[in-house]
Amino acid sequence: NAGVTQTPKFQVLKTGQSMTLQCAQDMNHNSMYWYRQDPGMGLRLIYYSASEGTTDKGEVPNGYNVSRLNKREFSLRLESAAPSQTSVYFCASSEQGVAGELFFGEGSRLTVL
Amino acid sequence: QQQVKQSPQSLIVQKGGISIINCAYENTAFDYFPWYQQFPGKGPALLIAIRPDVSEKKEGRFTISFNKSAKQFSLHIMDSQPGDSATYFCAASKMDNKFYFGSGTKLNVKP
C-alpha cells in the first residue's frame, strides 16, 4: 500500500521556469493538501482540496496554482518559479470528517536558482 | 502571522530524561490538536492527538497536556531515547479540516 506518492523527489529550476509537482493517494481520501516546509517556519498550507472539484487557498498561495484532477490526484504548479519558492513541498491527504489524521508523502525538494 | 506558536526551536535531552515541547494558539475555533514526528528525509507522521474536551492524553511514553483556558498544549516524552531524535510539530485544525502547524522543534536525545 503506497499511501501518498509525490513526484519528482528532487528538482532544480532556473528563475522564471515552470513546473508541476504531482501527488497521488491510494487511500480513497476526500481531502488533499499541499504544504511547504522551510527552516524555522514549520509547515505552511499552500492549497487545500476538500473534495474532487474543489480547491481553497491556504496561508501562502501566491505564485502557485493547483488542480484536483480526480479523487486520487492533486497537482501543484509553479508558473514562473522564484528563488523564494525554494523549499521542500509535501502533499498530504485525509479522510474528511472528525478524525482528521493527515497522511504525508515523502516530500519534493525544489531549488530555484 | 502563525496561528500556532511552538517552542523551543531545538532541544537537547539526555537519554532517560523528559522532553517537553510547548505550543500556543489564539483561535478558539480549533478543535483538534495533533503532534507530528518527522525523521530526516521523510514526511511527518501522526504521533498523538487530543481534542479540547480532555486535559490529558497518554500513549506509551508520549503525553499531551492541554490547557483550554490558557490556549496552550504541550508534548511530554518520558524516558527519552536516542530513537526519539526527530523534529516534532504541533498543529491545530477546525471543522474545515485545514491544519495549521507550529514552526517545529528539533529534538536531540544524547546517549
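Residues numbered from 1 in each chain as written. Chains lettered and ligands numbered in written order. Predicted model: local features only at pLDDT ≥ 70, side-chain atom pairs only at ≥ 80, totals over all residues. Heavy atoms only, no water.

Quick word on the packing of aromatic side chains
Within a pair of aromatic rings, the relevant descriptors are the distance that separates the centres and the angle that separates the planes.
All names here are of chain B.
(1) Moving on: For the structure shown, the criterion picks out 21 aromatic pairs over all chains.
(2) Moving on: Between F89 and F101 the ring centres are 6.4 Å apart and the planes differ by 85°, which places this aromatic pair in the edge-to-face class. Residue F89 is found in strand β9 (residues 86-93), and its partner F101 is found in strand β10 (residues 99-101); the two are separated by twelve residues along the sequence.
(3) Moving on: Classification of F89 by relative accessible area gives buried; the value is 1%. (Phe/Tyr/Trp six-rings, centres within 6.5 Å; stacked < 30°, edge-to-face > 60°. Helix = DSSP H or I, 4+ residues; strand = E, 2+ residues; numbered from the N terminus. Buried < 20%, exposed > 50% of the residue type's maximum accessible area, 1.4 Å probe, protein only.)

Digging into the interface of chain B and chain A
When the parts of a complex come together, some accessible area is lost, and that lost area is often used as the size of the interface.
(1) Moving on: If you look at the interface, chain B gives 20 residues, while chain A gives 26 residues.
(2) Moving on: Three residues, N97(B), K98(B) and F99(B), lead the burial of chain B against chain A; their summed loss comes to 29% of the area buried on that side.
(3) Moving on: Along the contact surface separating chain B from chain A lie two salt bridges.
(4) Moving on: Between K42(B) and E106(A) there is a salt bridge, with its nearest N and O atoms 3.1 Å apart.
(5) Moving on: Joining chain B to chain A, the criterion identifies seven residue pairs in polar contact (both at pLDDT 80 or more).
(6) Moving on: Counting residues per element, the ones that place at least two in the side of chain B that touches chain A are β4 (33-38) and β10 of chain B.
(7) Moving on: At three residues, β10(B) tops the list of elements feeding residues into the side of chain B that touches chain A. (Contact = heavy atoms within 4.5 Å. Buried area = accessible area lost by both parts, 1.4 Å probe. Salt bridge = Lys/Arg side-chain N within 4 Å of Asp/Glu carboxyl O. Polar contact = N/O pair within 3.5 Å; in protein donor to acceptor, adjacent residues only side chain to side chain.)

A word on the sheet that holds strand β3 (residues 19-25) of chain B
All names here are of chain B.
(1) Moving on: Ordered by their spatial adjacency, five strands build an open sheet running β1-β3-β8-β7-β6, and the pairing between neighbours is antiparallel. Lying at the two open borders of the sheet, with one neighbouring strand each, are β1 (4-7) and β6 (56-59). With strand direction ignored, the average angle separating the axes of adjacent strands in the sheet is 15°.
(2) Moving on: Where β6 and strand β7 (residues 62-67) come together, four bridges link them in antiparallel fashion. Within the sheet, the bridge partner assigned to E56 lies in β7 and is S65. (Pairing = 2+ DSSP bridges. Axes fitted to C-alpha atoms, helices over the stretch in contact; angles between N-to-C directions.)

Notes on the nonpolar core
(1) Moving on: Core analysis: the biggest nonpolar cluster contains 25 residues, and V4(B), F33(B), W35(B), F73(B), L75(B), Y88(B) and L107(B) have the highest contact counts within it.
(2) Moving on: Those elements that place two or more of their residues in this core are β2 (10-14), β3, β4, β5 (45-50), β7, β8 (72-77), β9 and β11 (105-110) of chain B.
(3) Moving on: With sequence-adjacent residues up to four places away left out, L75(B) is seen in contact with S19(B), I20(B), I21(B), W35(B), L47(B), I48(B), F62(B), T63(B) and Y88(B).
(4) Moving on: Of all hydrophobic cores here, the second largest spans 19 residues; its members include M19(A), L21(A), V66(A) and L110(A). (Core = buried A, V, L, I, M, F, W, Y, C linked by side-chain atoms within 4.5 Å.)

What about the layout of surface pockets?
(1) Moving on: What the largest pocket holds in volume is close to 670 Å³.
(2) Moving on: Lining of the largest pocket is provided by 30 residues; of these, Q37(A), R109(A), Q38(B), P40(B) and G41(B) occupy positions nearest its centre.
(3) Moving on: Listed by contribution, the elements that provide at least two residues to the lining of the largest pocket are β4 (31-38), β9 (87-94) and β11 (108-112) of chain A together with β9 and β11 of chain B.
(4) Moving on: With four residues, the single largest contributor to the lining of the largest pocket is β11(B).
(5) Moving on: A per-class count over the lining of the largest pocket returns ten nonpolar, 14 polar and six charged. (1 Å grid on protein atoms, 1.4 Å probe; cavity = no way out; pocket = protein on both sides within 12 Å on 5 of 7 lines; lining within 4 Å. Points joined across faces, edges and corners; volume = space filled by probe spheres on them. Nonpolar A, V, L, I, M, F, W, Y, C, P; charged D, E, K, R; others polar.)

Remarks on the environment of I77(B)
Residue and element names in this part refer to chain B.
(1) Moving on: With respect to the helices and strands, I77 occurs in strand β8.
(2) Moving on: Residue I77 is classed as buried on the basis of its relative accessible area of 0%.
(3) Moving on: Along the primary structure I77 and F62 are separated by 15 residues, whereas in three dimensions their C-alpha atoms are 4.8 Å apart.
(4) Moving on: Excluding residues that lie within four positions of it along the chain, I77 makes contacts with G17, I18, S19, R61, F62, D84, Y88 and L107.

Section: empty space enclosed by the protein
(1) Moving on: Applying the stated criterion across every chain, the model contains two cavities of 30 Å³ or more.
(2) Moving on: Space inside the second largest cavity adds up to approximately 30 Å³.
(3) Moving on: Taken together, L43(A), R44(A), E59(A), Q2(B), Q3(B), V4(B), Y100(B) and F101(B) form the lining of the second largest cavity.
(4) Moving on: Broken down by secondary-structure element, the contributors of at least two residues to the lining of the second largest cavity are β5 (42-49) of chain A together with β10 of chain B.
(5) Moving on: A class-by-class count of the residues in the lining of the second largest cavity yields four nonpolar, two polar and two charged.

Remarks on the sheet that holds strand β1 (residues 4-7) of chain A
All names here are of chain A.
(1) Moving on: Ordered by their spatial adjacency, four strands build an open sheet running β1-β3-β8-β7, and the pairing between neighbours is antiparallel. Two strands bound the open sheet, and with one partner strand each, they are β1 and β7 (65-68). In this sheet, adjacent strand axes meet at a mean angle of 15° when their direction is disregarded.

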